[in-house]
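Here's the letter readout for the chains.
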Amino acid sequence: MTHRTVFHANSHLLPSVPTSTQMASDFSAQATEILAIARDYRLAQTAVPDGWPTYIRTFEEAGVVHTKVRFRLPGEWHLNGRTSVIINNSTGELVISERSDESSATRRLVNQLYPLHSGYGMHFGYRLLILIAGIALAWLAFTGGSHYYTRWLHRRKRRWYHPD
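Residues numbered from 1 in each chain as written. Predicted model: local features only at pLDDT ≥ 70, side-chain atom pairs only at ≥ 80, totals over all residues. Heavy atoms only, no water.

**Q** Requested: an account of a positive patch on the surface, with residues and values cited.
**A** Taken together, the side chains of Arg151, Arg155, Arg158 and Arg159 present a region of like positive charge at the surface. Inspection of the secondary structure puts Arg155 in helix α3 (residues 124–161). Of the residues examined, Arg155 reaches a relative accessible area of 34% and is grouped as partly exposed. (Patch = residues over 30% accessible without salt bridge, like charges linked within 9 Å, V, L, I, M, F, W, Y side chains within 5 Å. Areas by Shrake-Rupley, 256 points an atom, 1.4 Å probe, with all protein chains shown as cover. Salt bridge = Lys/Arg side-chain N within 4 Å of Asp/Glu carboxyl O. Lys, Arg positive; Asp, Glu negative; His and termini not counted. Charge placed at Lys NZ, Arg CZ, Asp CG, Glu CD. Helix = DSSP H or I, 4+ residues; strand = E, 2+ residues; numbered from the N terminus. Buried < 20%, exposed > 50% of the residue type's maximum accessible area, 1.4 Å probe, protein only.)

What follows is the structure in structure tokens.
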């Protein structure tokens, strides 16, 4: 005899089918959220008109929803940009981080080192050099470890044949 489980529409394992009013309210809530994000993006773009947006995200902090927009400014080396604008959705207050083109020389230098870390925008010769250097370091680690292991084995065998 074969045992077969049949799931019915009223089973507790399946979600209930939403009514048309539930679907309409979900849609209107999503539409309202999208409009709020669009409004916040326009506010952020007016605060940093020469920036290119790299990402937009919303988050909730202490019960208040915020929208964060990150910008890449012209001439900036960092792929994602370092300038960001945070908008409080309930009050419309803008908090703008320090613009990367107006930051100190030390901070600009740190921001310019990021492409070296990520390899962004580097030509083929640089990437090939880094690849060869990485392989060479791995080879040095392997040969150094194997040399140490063979010397340790040789020393151990010598002590076993000639105990002190």
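**Q** Any details on the packing of aromatic side chains? Residues and values, ideally.
**A** Following the criterion strictly, the structure yields 2 aromatic pairs and no others. Taking 6.0 Å as the distance between ring centres and 40 degrees as the angle between the ring planes, the aromatic pair formed by Trp139 and Phe142 counts as tilted. Of this pair, Trp139 and Phe142 are both found in helix α3, 3 residues apart, which corresponds to roughly one turn of the helix. Judged on exposure class, the residue Trp139 and its partner Phe142 are both exposed. (Phe/Tyr/Trp six-rings, centres within 6.5 Å; stacked < 30°, edge-to-face > 60°.)

**Q** Got a sec to walk through the environment of Glu76? Specific residues and values, please.
**A** Relative to the helices and strands, Glu76 is located in the loop between β2 (64–72) and β3 (83–88). For the pair Glu76 and Gln112, spaced 36 residues apart in sequence, the C-alpha to C-alpha distance is 7.8 Å. What Glu76 contacts, discounting residues up to four positions off in sequence, is Phe71, Gly81, Arg82 and Ser100. (Contact = heavy atoms within 4.5 Å.)

**Q** Lay out the sheet that holds β2 in plain terms, naming residues and giving numbers.
**A** Spatial strand order, β1-β2-β3-β4: 4 strands in an open sheet with antiparallel pairing. Only two strands of the sheet have a single neighbouring strand rather than two, namely β1 (52–61) and β4 (94–96). The average undirected angle you get between the axes of adjacent strands in this sheet is 20 degrees. (Pairing = 2+ DSSP bridges. Axes fitted to C-alpha atoms, helices over the stretch in contact; angles between N-to-C directions.)

**Q** Which residues make up the environment of Asn88, and what values go with them?
**A** Counting through the fold element by element, Asn88 comes out in strand β3. Excluding residues within four positions of it along the chain, Asn88 makes contact with Val64, Val65, His66 and Glu93. A polar contact is formed between the side chain of Asn88 and the backbone nitrogen of Thr91, at a distance of 3.4 Å. (Polar contact = N/O pair within 3.5 Å; in protein donor to acceptor, adjacent residues only side chain to side chain.)

**Q** Requested: an account of the pairing of β3, with residues and values cited.
**A** With respect to burial, β3 is a largely interior element, 5 of its 6 residues being buried. Pairing analysis gives 6 bridges linking β2 to β3, with the strands arranged antiparallel. Note that in β3 the partner of His66 across the bridge is Asn88. Relative to β4, β3 runs antiparallel, the two sharing 3 bridges.

**Q** Quick rundown of the side chain of Thr83? Include the residues and the values.
**A** Here Thr83 is to be found in strand β3. Judged by its relative accessible area of 0%, Thr83 falls in the buried class. Those residues in contact with Thr83 that lie beyond four places of it in its chain are Val48, Val69, Arg70, Phe71, Leu73, Ser97, Glu98, Arg99 and Ser100.

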